[in-house]
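These are the residues of each chain, in order.
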Amino acid sequence: MSALDDDYKKAGFGGRLEFGSSPALLIVDVCRAYVDPASPLYAGPDAETALQNNVALRDRARELGLPVIFTEVKYHSSGVDGGLFFKKVPALKHFVAGHPMAAFQPELTPEGADILVTKQYPSAFFGTSLAAMLTAMHVDTLLITGYSTSGCVRASVLDALQNGFVPFVVEDACADRAEGPHASNIFDLKSKYAEIVSTEEALSLMVGSSERPSR
């Protein structure tokens, strides 16, 4: 344990949240804009590894019959539905409807029973029906992945917690444009808002939840 970890623990941070019996996988904005090195929004050298880990998580969730939820960002050609966020981050023009950078990667595209949530702001919950839908589905826990760690992933994790869904962030299935923002946000999320797990741990948690008696 580092000195910083120890300091936070002594201050009363870092309690433990338990993985529930009815999880879902929430894949946040895994699209070309964050995976293609030619994109100004490229999520760095770990983006491809995170993509492949998301594929593994998606495949396992489908095998077990767990809900798989994708998010996408989509704007009107004027960007008016993005409000101040669209004005603050001009790069969001890459998510105007029809832009090639907004497309899902071929190996990780919503299909069949997968659920697609379209949003205009960082959080998967803000301005969407996600919370009501999860409640209706009796989901109690979210495994959260995607891009970027410091942006839409963090915002979605915080809102998951505030809406009563236990957030488990799959660290190596997330990425950011630099290691510093990724690491600092993972530390902060672990301390205050979520549990942090690896892809391997997340796969095991999925299997474990499917083996429990139904409520």
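Residues numbered from 1 in each chain as written. Predicted model: local features only at pLDDT ≥ 70, side-chain atom pairs only at ≥ 80, totals over all residues. Heavy atoms only, no water.

Caption draft 1: Representation of the overall build of the protein within the structure. A count of helices and strands for the protein gives eight helices and six strands. Listing every helix and strand of the protein by position from the N terminus yields α-β-α-α-β-α-β-α-β-α-β-α-β-α. Relative to the 2.2 N^0.38 estimate, which gives 17 Å for 215 residues, the radius of gyration of the protein is 17 Å and therefore close to what a compact globule would have. Along the first, second and third principal axes, the C-alpha set of the protein runs to 45 × 45 × 30 Å. The proportion of buried residues among the 215 residues of the protein is 47%. Residue pairs in contact within the protein that sit at least 24 positions apart in sequence constitute 78% of those at least 6 positions apart. For the protein, the accessible area works out to roughly 10,100 Å², and carbon and sulfur atoms hold 55% of it. (Helix = DSSP H or I, 4+ residues; strand = E, 2+ residues; numbered from the N terminus. Rg over C-alpha atoms; globule rule 2.2 N^0.38 Å. Buried < 20%, exposed > 50% of the residue type's maximum accessible area, 1.4 Å probe, protein only. Contact = heavy atoms within 4.5 Å. Areas by Shrake-Rupley, 256 points an atom, 1.4 Å probe, with all protein chains shown as cover.)

Caption draft 2: Looking closely at the pairing of strand β3 (residues 115–119). Residue alternation in β3 divides its side chains into a buried set, I115, V117 and K119, and an unburied set, L116 and T118. The pairing of strand β2 (residues 68–73) with β3 spans five bridges and is classified as parallel. Paired with V73 across the two strands is K119, which belongs to β3. (Pairing = 2+ DSSP bridges.)

Caption draft 3: Region of interest: the packing of aromatic side chains. Going through the model one piece at a time under the given rule, you end up with 10 aromatic pairs. Here the aromatic rings of Y34 and Y147 are separated by 5.7 Å at their centres, their planes lie at 45 degrees, and the arrangement is tilted. Of the two residues, Y34 sits in helix α2 (residues 32–35) while Y147 sits in strand β4 (residues 141–147), which places them 113 residues apart along the sequence. Cluster of aromatic residues (ring-pair linked, three or more members): Y8, F13 and F187. (Phe/Tyr/Trp six-rings, centres within 6.5 Å; stacked < 30°, edge-to-face > 60°.)

Caption draft 4: Here's a closer look at the side chain of T145. Mapped onto the secondary structure, T145 falls in strand β4. Residue T145 is classed as buried on the basis of its relative accessible area, which comes to 0%. If near-sequence neighbours (up to four positions away) are discounted, T145 is found in contact with L25, L26, I27, V28, N54, L57, V153, V170, A173 and C174.

Caption draft 5: Structural view of the sheet that holds strand β5 (residues 166–175). The six strands are arranged β3-β2-β1-β4-β5-β6 in an open sheet whose pairing can be described as parallel. Strand pairing shows two members of the sheet lacking a second neighbour, β3 and β6 (195–197), which therefore form its edges. Neighbouring strand axes in the sheet, compared pairwise and without regard to direction, differ in orientation by 25 degrees on average. Sheet topology places β4 next to β5; six bridges connect them, and they run parallel. Paired with T141 across the two strands is V166, which belongs to β5. (Axes fitted to C-alpha atoms, helices over the stretch in contact; angles between N-to-C directions.)

Caption draft 6: Examining the pattern of salt bridges more closely. One pass over the structure, following the stated rule, counts 11 salt bridges. The salt bridge partner of E195 is R16, with a shortest N-O separation of 2.5 Å. Of this pair, E195 sits in strand β6 while R16 sits in the loop between α1 (3–11) and β1 (23–28), and the two are 179 residues apart along the sequence. Residue E195 is classed as buried on the basis of its relative accessible area of 7%. Judged by relative accessible area, R16 falls into the exposed class, the value being 59%. One salt bridge connects K119 with D29, and the closest N-O pair in it is separated by 2.9 Å. Residue K119 is found in strand β3, and its partner D29 is found in the loop between β1 and α2; the two are separated by 90 residues along the sequence. Using a relative accessible area of 2% as the deciding quantity, one classes D29 as buried. Sharing partners across several salt bridges, the network here consists of R62, E111 and D114. (Salt bridge = Lys/Arg side-chain N within 4 Å of Asp/Glu carboxyl O.)

Caption draft 7: A look at the environment of L116. Here L116 is to be found in strand β3. A sequence separation of 11 residues divides L116 from Q105, and the C-alpha atoms of the two residues are 14 Å apart.

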